[in-house]
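Tertiary structure, described
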Amino acid sequence: MQRLHSLDPADAPAKSAELLDELIGRRGPAGPMVTAMAHSPALLQGYLDFSRAMKRVKLSQALSEKVSLALQEWIGCALCLDAHTHAALKAGLSETDVSLARQGTSTDQREAALMAYAVRVLAEPASIRDEDVAELREHGWSDRIIADTVGLVALNLLTGSFNLVAGLEPASAEQSTKEKPAHVH
C-alpha cells in the first residue's frame, strides 16, 4: 500500500511543481516514485540531477541494467526490479541474462566480477580492500568504471529505499501492459 502519496504539480511545493512541470513537458507523465518524491523539493531535485548525471557513466546500458538488477534484488524493491527488468529486456538482454543478474552474476566473468563488487559496495562497503580493486583492474575495469559503479550503487540505494519507504509497488499485470511512465534512473 502506498504510504507517501503522489502529488500533482498543482499540489506540490513550488520548487517540486516546477521540476514536475519541466519533467512532464519533456517526457510525459511522471511515475509514482517521482511524484511521491515531490513532497521533498530537495530530494526530487537531487534525484533528478543525480539520475541525469549517472546517464553519462562509462558502462553500457545493458551492463548498467545487470548491475541495477543485482542491487535491487538485494535491496528488495519490487518496483525497481520491474522497471529494470523492462529496461534490461529493451536493452537486448535475454530472460536468462536477467535471471542471472538478479542472482548477482553473469555468464561473462568480467561482468560477474563487477556485479559482485557492486553488491559488496552496497552491502558491506568497509570490506572493499586494495586486492579487490586490483582484481577489478585485472578484469580490465578502469578506475572510472570502478568509480561509476559506486555512483550506480548510490542511485539504486536511493530509489530502492525511497520506493520501499513510500510503499510503491509495481502496477498490476493488467496495468503493466500499458505504457510505463518514465521514472527510473
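This text gives an overview of the structure that appears in the document. In this text the structure is predicted, and so the values were computed from the model without any measurement.

Cut-off values and rules
- Residues numbered from 1 in each chain as written.
- Predicted model: local features only at pLDDT ≥ 70, side-chain atom pairs only at ≥ 80, totals over all residues.
- Heavy atoms only, no water.
- Helix = DSSP H or I, 4+ residues; strand = E, 2+ residues; numbered from the N terminus.
- Rg over C-alpha atoms; globule rule 2.2 N^0.38 Å.
- Contact = heavy atoms within 4.5 Å.
- Areas by Shrake-Rupley, 256 points an atom, 1.4 Å probe, with all protein chains shown as cover.
- Lys, Arg positive; Asp, Glu negative; His and termini not counted.
- Charge placed at Lys NZ, Arg CZ, Asp CG, Glu CD.
- Core = buried A, V, L, I, M, F, W, Y, C linked by side-chain atoms within 4.5 Å.
- Buried < 20%, exposed > 50% of the residue type's maximum accessible area, 1.4 Å probe, protein only.
- Expected span 1.5 Å × (residues − 1).
- Arc of directions from axis to C-beta.
- Axes fitted to C-alpha atoms, helices over the stretch in contact; angles between N-to-C directions.
- Parallel < 35°, antiparallel > 145°, perpendicular 65-115°, else oblique.
- Left-handed = near helix turned anticlockwise from the far one by under 90°.

1. Observations regarding the overall build of the protein
Per the secondary structure count, the protein includes 10 helices and 0 strands. Rg of the C-alpha trace for the protein: 17 Å, near the compact-globule value of 16 Å for 185 residues, within the 12% margin. Taking the principal axes of the C-alpha coordinates as reference, the protein spans close to 55 × 35 × 30 Å. Partitioning the intrachain contacts of the protein with sequence separation of at least 6 by distance along the chain shows that 73% fall at a separation of at least 24. With an accessible surface of roughly 9,500 Å², the protein has 54% of that area assigned to carbon and sulfur atoms. Each charge class in the protein was averaged separately, 18 positive and 24 negative side chains, and the resulting centres sit 4 Å apart.

2. As for the nonpolar core
Ranked by internal contacts, the top residues of the largest apolar core, which has 50 residues, are V34, L44 and L114. Those elements that place two or more of their residues in this core are α1 (14-27), α2 (32-37), α3 (41-54), α4 (61-75), α5 (78-90), α6 (95-102), α7 (109-123) and α9 (143-166). Looking at this core element by element, the count peaks at 8 residues for α7. With residues near it in sequence (within four places) discarded, L114 still touches L59, L63, L136, W141, I145 and T149.

3. Quick look at α1
In this model α1 runs 20 Å from its N-terminal to its C-terminal C-alpha over 14 residues, within 8% of the 20 Å that 1.5 Å per residue would give. Here α1 has its buried residues at S16, A17, L19, L20 and L23. Here the buried residues of α1 occupy an arc of 165° about the axis, which is enough to place them on one side. Turned more than 90 degrees away from the buried face of α1, the exposed residues are A14 and G25. Where α1 is buried, its residues touch α2 and α3.

4. So, the environment of L114
By the element assignment, L114 lies in helix α7. Owing to a relative accessible area of 0%, L114 belongs among the buried residues under this scheme. On a C-alpha basis, the gap between L114 and V67 in space is 7.9 Å, while along the polypeptide they are 47 residues apart.

5. As for the packing of α4 against α7
Direction vectors running N to C along α4 and α7 enclose 40°, while the axes themselves pass 10 Å from each other. Classified by the angle their axes make, α4 and α7 are oblique. The element α4 and its partner α7 pack so that their crossing is right-handed. Facing L63, K66, V67, A70, L71, W74 and I75 of α4, the residues of α7 in contact are E111, L114, M115, A118, V119, L122 and A123.

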